Amino acid sequence: MEKTNLKISTTKFGQFKIFAILFGLVLSLIAIVVLDVFTRYLPQPNWRETEKYSVSSISTGEKASSNNWKGAIKTFIPPGRPGLGFTPKFKEPTERLFDENKYYIRDHDLGFKFAPGKFHVKHVAKDRSVLFDVHYTIDPSGRRVTIPSASIAHSKKQILFFGCSFVFGFGINDDETLSSQVAAQTVQYEVFNYGVGGWGPNNLLRLLNSKSFGSDLPKKKGIAIYEFIDHHMDRIFGSLNLFQLNPDWINSLPFYYFDSNHALKTQGMIGEARPWRNRFFTLLNMSNLFKFFDLRIPLSLSERELELTAEIFRGIDVALKNRMDANIDLVVMFFPTSSFANLLIPLLSQRGIKTLDYSGVDLTQYVKGPIYLPDHHPSPGTNGFLAKQMIKDLGLK
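As the structure is a computational prediction, the values presented were derived from the model and not from experiment.

What counts and how
Residues numbered from 1 in each chain as written. Predicted model: local features only at pLDDT ≥ 70, side-chain atom pairs only at ≥ 80, totals over all residues. Heavy atoms only, no water. Helix = DSSP H or I, 4+ residues; strand = E, 2+ residues; numbered from the N terminus. Areas by Shrake-Rupley, 256 points an atom, 1.4 Å probe, with all protein chains shown as cover. Buried < 20%, exposed > 50% of the residue type's maximum accessible area, 1.4 Å probe, protein only. Polar contact = N/O pair within 3.5 Å; in protein donor to acceptor, adjacent residues only side chain to side chain. Phe/Tyr/Trp six-rings, centres within 6.5 Å; stacked < 30°, edge-to-face > 60°. Salt bridge = Lys/Arg side-chain N within 4 Å of Asp/Glu carboxyl O. Core = buried A, V, L, I, M, F, W, Y, C linked by side-chain atoms within 4.5 Å. pLDDT = per-residue confidence, 0-100. Contact = heavy atoms within 4.5 Å. Expected span 1.5 Å × (residues − 1). Axes fitted to C-alpha atoms, helices over the stretch in contact; angles between N-to-C directions. Parallel < 35°, antiparallel > 145°, perpendicular 65-115°, else oblique. Left-handed = near helix turned anticlockwise from the far one by under 90°. Nonpolar A, V, L, I, M, F, W, Y, C, P; charged D, E, K, R; others polar.

## Things to note about the overall build of the protein chain
Alright, step 1. When helices and strands are tallied, the protein chain shows 13 helices and 13 strands.
Alright, step 2. Accessible area for the protein chain stands at about 19800 Å²; split by element, carbon and sulfur atoms hold 59% of it.

## Remarks on the side chain of serine 338
Alright, step 1. You can see serine 338 is positioned in the loop between β12 (328–334) and α12 (341–350).
Alright, step 2. When its relative accessible area of 2% is taken as the criterion, serine 338 is described as buried.
Alright, step 3. Looking at serine 338, its side chain comes within polar contact range of the side chain of aspartate 230, at 2.8 Å.

## Here we look at the packing of aromatic side chains
Alright, step 1. Counted by the stated rule, this structure contains 20 aromatic pairs.
Alright, step 2. Ring centres 5.4 Å apart and planes at 55° place the aromatic pair tyrosine 103 and phenylalanine 119 in the tilted group. With tyrosine 103 in the loop between β2 (94–96) and β3 (104–107) and phenylalanine 119 in strand β5 (residues 117–125), this residue pair connects regions lying 16 residues apart in the sequence. The burial state of tyrosine 103 is the same as that of phenylalanine 119; both residues are buried.

## Some words on the pattern of salt bridges
Opposite charge on two side chains makes pairing possible when the charged atoms of those side chains draw close.
Alright, step 1. Tallied over the full model, the rule gives 11 salt bridges.
Alright, step 2. For aspartate 139, the salt bridge goes to arginine 143, with nearest N and O atoms at 2.8 Å. Side by side, aspartate 139 and arginine 143 carry an identical accessibility label, which is buried.
Alright, step 3. With a closest N to O distance of 2.8 Å, arginine 351 and glutamate 311 form a salt bridge. Here arginine 351, found in the loop between α12 and β13 (354–357), pairs with glutamate 311, found in helix α11 (residues 303–323); they are 40 residues apart in sequence, far enough to count as distant. Like arginine 351, the residue glutamate 311 is buried in the burial classification.
Alright, step 4. Each of the salt bridges in this network shares a partner with another, and the network as a whole consists of Glu307, Glu311, Arg314 and Arg351.

## Concerning the nonpolar core
Alright, step 1. Judged by nonpolar contacts, the single largest core of 65 residues is most densely connected at Leu160, Phe162, Phe213, Phe228, Met233, Ile316 and Leu320.
Alright, step 2. Counting residues per element, this core draws most heavily on α11, which supplies eight residues.
Alright, step 3. By size, the runner-up hydrophobic cluster in this structure holds 29 residues, among which are Cys164, Leu178, Ala387 and Leu396.

## Overview of the confidence of the model for the protein chain
Alright, step 1. In this model, the protein chain carries an average pLDDT of 78, and 73% of its residues clear a pLDDT of 70 or more.
Alright, step 2. Low pLDDT, under 50, characterises residues 47–99; the stretch is placed with 143 contacts to residues that sit more than four places away or in other chains.

## A few points about α11
Alright, step 1. Along its 21 residues, α11 runs 30 Å from first to last C-alpha, staying within 8% of the 30 Å computed at 1.5 Å per residue.
Alright, step 2. Within the sequence span of α11, burial applies to Leu306, Leu308, Thr309, Ala310, Glu311, Ile312, Phe313, Gly315, Ile316, Asp317, Ala319 and Leu320.
Alright, step 3. Note on α11: the residue one or two positions beyond its end, aspartate 325, has a positive phi of about 55°.

## Topic: the packing of helix α4 (residues 201–208) against α11
Alright, step 1. Two elements in contact, α4 and α11, have axes whose closest approach is 9 Å; the angle formed by their N-to-C orientations is 25°. The orientation of α4 with respect to α11, classified from their angle, is roughly parallel. Judged by the twist between their axes, the crossing of α4 over α11 is left-handed. For the pair α4 and α11, contact is made by Pro201, Asn202, Leu204, Leu205 and Leu208 and by Ile312, Phe313, Gly315, Ile316, Ala319, Leu320 and Arg323, respectively.
Alright, step 2. Broken down by class, the residue content of the contact of α4 with α11 amounts to nine nonpolar, two polar and one charged.

## Some thoughts on unusual backbone geometry
Alright, step 1. Here the phi dihedral of histidine 262 falls at roughly 65°; this positive angle occurs in a residue that is not glycine.
Alright, step 2. Phi at threonine 337 takes a positive value of approximately 80°, unusual for a residue other than glycine.
Alright, step 3. Positionally, threonine 337 belongs in the loop between β12 and α12.
Alright, step 4. Look at threonine 337 and you get partly exposed, because its relative accessible area is 25%.

## Considerations on the side chain of aspartate 362
Alright, step 1. With respect to the secondary-structure elements, aspartate 362 resides in the loop between β13 and α13 (380–393).
Alright, step 2. Of the polar contacts made by the side chain of aspartate 362, one reaches the side chain of threonine 364; its length is 2.6 Å.

## With respect to the environment of asparagine 251
Alright, step 1. Relative to the helices and strands, asparagine 251 resides in the loop between α7 (247–250) and β10 (254–258).
Alright, step 2. Taking C-alpha positions, asparagine 251 is 8.8 Å from glycine 238, a pair spaced 13 residues apart along the chain.
Alright, step 3. Asparagine 251 has contacts with Met269, Gly271 and Asn278, leaving out every residue within four places of it along the chain.

## Quick word on the environment of phenylalanine 162
Alright, step 1. Mapped onto the secondary structure, phenylalanine 162 falls in strand β7 (residues 157–162).
Alright, step 2. If we skip the residues at most four places from it in the chain, phenylalanine 162 touches Val167, Tyr194, Leu204, Leu208, Phe213, Ala224, Ile225, Tyr226, Glu227 and Leu320.

Shown next, in the form of structure tokens:
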């Protein structure tokens with residue numbers, strides 16, 4: 001009889017535990033829903049203040065090593081491994097009067113690229129004040145037109161600029177881009193701007209391995225400069241932060257990975273290669289909590305992912321030399337405030353890739369006027385400073 005009572009008590013206790021667990025899950029779900037609704041009506045806090053760096057002087061052009069120019073720039077990199085994600089902090093919401101989708105076109109291999117033509121782009125704030133009103137000129141090869149120097153017909157070398165909207169010159173006119181300001185200060189180089197807004201190194205590697213690249217470039221020696229910003233890491237691995245900005249973006253970025261032999265391979269686009277991760281991100285994106293607290297997935301990068309990034313750049317270097325008859329040397333320039341420079345530079349140097357480390361430069365000391373546009377793209381003044389600095393550090397004339 002006692003055994004029977006004990007068995008009944010144990011059964012009831014087990015049922016109570018199941019009920020308690022289910023009740024707790026229901027309460028947690030209700031709390032999450034309430035918090036999610038509540039945060040929709042709160043202003044978005046700035047959880048991640050941009051670190052400020054300082055320098056004592058600007059580079060004199062002295063080579064710090066055979067593969068890495070730092071000159072006299074003194075840098076400070078905060079300890080620890082940076083996490084993925086870079087969220088531009090807008091001063092005020094903007095309205096696009098002229099949609100840039102008009103100059104973006106789909107591409108099966110590259111994801112997306114620029115359409116040739118002349119485009120008028122104007123952004124205004126909610127109070128109708130004009131944030132910028134500019135014109136873009138894109139040549140038949142999809143490059144932003146670089147305003148050439150007077151001696152372009154007699155130039156003996158060339159410079160190819162690669163990167164994203166920072167290189168393209170989002171929000172500024174043709175003559176204010178980084179490539180145009182370099183061209184205006186050099187006499188021996190013909191300069192080309194291959195920057196595409198939204199691209200990462202993975203897009204560039206796809207471009208260089210395509211049949212169309214380089215067919216209209218002159219057979220001249222020169223330099224290829226890739227301008228790196230931290231957000232490019234999101235574009236290589238497809239972070240939640242990137243998905244929140246634009247779910248379609250993650251489906252338009254080439255997917256690269258290591259096979260079992262540690263060889264770099266590619267397979268379609270990130271969204272196609274990781275469908276279950278995409279569905280998971282879609283579920284998380286339905287909640288405002290992840291946006292409000294600026295939560296990042298993945299939280300950080302592993303050594304393997306950093307190695308993969310370096311291998312993509314090695315692939316870029318190899319492809320350039322193969323396509324350009326070994327006449328082009330790759331240089332990776334780290335934009336000021338980049339937190340990945342100290343992690344990637346040693347890996348790039350091991351692969352014989354030259355770097356320009358401007359991650360520690362405090363632009364407020366050297367740029368007169370605004371450093372960034374309202375949406376955090378570089379201003380013409382910032383491009384002018386970087387152009388002058390690169391010409392000095394790379395010995396361009």
